[in-house]
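Residue strings, one per chain:
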Amino acid sequence: LDMSATATRTLADTSEAARMALRSLRANIFRTVLTLLGIVIGVASVVTMMAIGEGAKERIVNQFSTLGANTISVYPNWRRGKAGAMLPLDLADRIESNLPNVEAVLPMVNGDAMVRAGNLDHEAEIYATSERLPEIRDWRVASGIFFDREDSDSYAPVAVLGATVVESLFPDTDPVGQYVIIRNVPFLVIGTLVRKGTGGFGNDDQDNAVFVPLRSGALRLFGRRHLNFVRVTVEDPTFINQTEHDIEQYLVETQGSDSYRIRNSAEMLEQMEEATATFTLLLGGIGAISLLVGGIGIMNIMLVSVTERTREIGVRMATGARQTDILQQYIVDAVVVSALGGVVGLALGLGLGAVLSLFAVPVAFETWPRALAFGCAAANGLVFGYTPARNASQLDPV
């Protein structure tokens, strides 16, 4: 019963201290604003910056997901500059035929070029690739057809357009059956692709692309007999590292060179996630500095408040208030201020994030950064409010 009564009395004292803190905040609006300002800015900074970091991480993961977690990319190592580092045009067929755990191989020769239709020009990325692109990339044909292997073997000048190119060059007409000029070579448009969105082969807009048969594009447009890269899709992602090793060995045996860069998507995704996690922590650390500055501001304002309220403290102690009562009052005062600043800062941070998202800045709000920011704000009041509260409790009643 004694313990219950003590707990009830403590709760009542805390509630009364909270009411006094709110009255004090209302009575000194300007001082309250100054006290809140640092915490509000700190919490808003942490919430906004962590949201930007998480948004960047999500964008990277989404871009990799368009390629899948079961892909291996092979590039020539141009730094070494060896002729043996070239990737022959038939490499994709040979890898698919000779290596286990290989589901499909997508060869690629690409480069920027101006595409012309009538009196309209549009710069797009040109991809000379295989007929299996719609299947491998899960990219459906919107109209017409996609080219086949015979088109590539016969060097047929045919093309398939992405949605952005269609909108730019054929805004009011059906492009299928019409011609486009790419690097002074006329190509017959035989199909268009559905809108894919951002991501993909390092291109922000995947739909700003023109796809042509591999040999037609490599020789007619780029004048090459080698690939820029190949992308291998494995059947079982569990053995993706073994397949990567097999590809490396096969290139050494058949091409007589190890001058290649081979990366699998799982490794690249892991490295990018680590990099973005570091970036997110860096942003959060910058915001945390604002919280620290806000805590110091609370301590300074509270110390000034103790000086201003010396008469009040003396009267309370002279009429029976104990040191613990004064200590509790000022600590609760600081915590209430910090909590209020945390709430306002959360609202401001969410609002800033919403505004940034309107300008195409990747933003993703997670629960734990918001909870962490609010918890740190409340803890600031407890930590930085203790010294002023202790000073107040030790004042002489006289």
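Residues numbered from 1 in each chain as written. Predicted model: local features only at pLDDT ≥ 70, side-chain atom pairs only at ≥ 80, totals over all residues. Heavy atoms only, no water.

**Re helix 13 (residues 386-393)**
1) Next: Within helix 13, the full set of buried residues consists of Pro388, Ala389, Ala392 and Ser393. Seen along its axis, helix 13 keeps its buried residues to an arc of 135°; they face one direction. (Buried < 20%, exposed > 50% of the residue type's maximum accessible area, 1.4 Å probe, protein only. Helix = DSSP H or I, 4+ residues; strand = E, 2+ residues; numbered from the N terminus. Arc of directions from axis to C-beta.)

**Brief notes about a nonpolar patch on the surface**
1) Next: There is a patch of nonpolar side chains on the surface, built from Val355, Leu358 and Phe359 and spanning about 370 Å² of accessible area.
2) Next: Within the secondary structure layout, Leu358 lies in helix 11 (residues 323-358). (Patch = residues over 30% accessible without salt bridge, like charges linked within 9 Å, V, L, I, M, F, W, Y side chains within 5 Å. Areas by Shrake-Rupley, 256 points an atom, 1.4 Å probe, with all protein chains shown as cover. Salt bridge = Lys/Arg side-chain N within 4 Å of Asp/Glu carboxyl O.)

**So, the environment of Ser154**
1) Next: Locating Ser154 in the fold gives a position in the loop between helix 5 (149-153) and strand 6 (158-161).
2) Next: In sequence terms Ser154 and Ser216 are 62 residues apart; their C-alpha atoms lie 7.9 Å from each other.
3) Next: One polar contact links the side chain of Ser154 to the main-chain carbonyl oxygen of Glu150, over a distance of 2.8 Å. (Polar contact = N/O pair within 3.5 Å; in protein donor to acceptor, adjacent residues only side chain to side chain.)

**As for the confidence of the model for the protein**
1) Next: With 86% of its residues at a pLDDT of 70 or more, the protein shows a mean pLDDT of 82.
2) Next: Note that pLDDT drops below 50 for residues 80-84; the model gives that stretch 6 contacts with residues more than four away or on any other chain. (pLDDT = per-residue confidence, 0-100. Contact = heavy atoms within 4.5 Å.)

**Overview of the pairing of strand 8 (residues 185-193)**
1) Next: With 7 of its 9 residues buried, strand 8 lies for the most part within the structure.
2) Next: Direction of pairing for strand 5 (residues 141-144) relative to strand 8: antiparallel, over a ladder of 3 bridges. Bridge pairing links Val141 to Leu193 in strand 8.
3) Next: Sheet topology note: the strand 7 (residues 179-182)/strand 8 ladder contains 4 bridges and is antiparallel. Across the sheet, the residue bridging to Ile182 is Val185, located in strand 8. (Pairing = 2+ DSSP bridges.)

**Quick look at the packing of aromatic side chains**
1) Next: Applying the stated rule across the entire model yields 4 aromatic pairs.
2) Next: The interplanar angle of 80° and the centroid separation of 5.4 Å between the aromatic rings of Trp139 and Phe211 together place this pair among those described as edge-to-face. Taken as a pair, Trp139 in the loop between helix 4 (133-137) and strand 5 and Phe211 in strand 9 (residues 209-213) lie far apart in primary sequence, 72 residues in all. No difference in accessibility class separates Trp139 from Phe211, as the two residues are buried.
3) Next: Ring centres 4.2 Å apart and planes at 35° place the aromatic pair Phe146 and Phe147 in the tilted group.
4) Next: Classification of Phe146 as buried rests on a relative accessible area of 13%.
5) Next: By the ring-pair criterion, three or more aromatic residues cluster together here, those being Tyr127, Trp139 and Phe211. (Phe/Tyr/Trp six-rings, centres within 6.5 Å; stacked < 30°, edge-to-face > 60°.)

**Some thoughts on the nonpolar core**
1) Next: In this structure, Ile95, Ile126, Val180, Ile182, Val210 and Ile247 are the most contacted members of the largest nonpolar core, which totals 44 residues.
2) Next: Top element by residues in this core is strand 3 (residues 102-117). It accounts for 6 residues.
3) Next: Beyond its immediate stretch of four places on either side in the chain, Ile182 contacts Ala113, Met114, Val115, Ile126, Phe187, Val210 and Leu221.
4) Next: Listed in part, the 21 residues of the second largest apolar core include Val46, Val47, Ala334 and Leu346. (Core = buried A, V, L, I, M, F, W, Y, C linked by side-chain atoms within 4.5 Å.)

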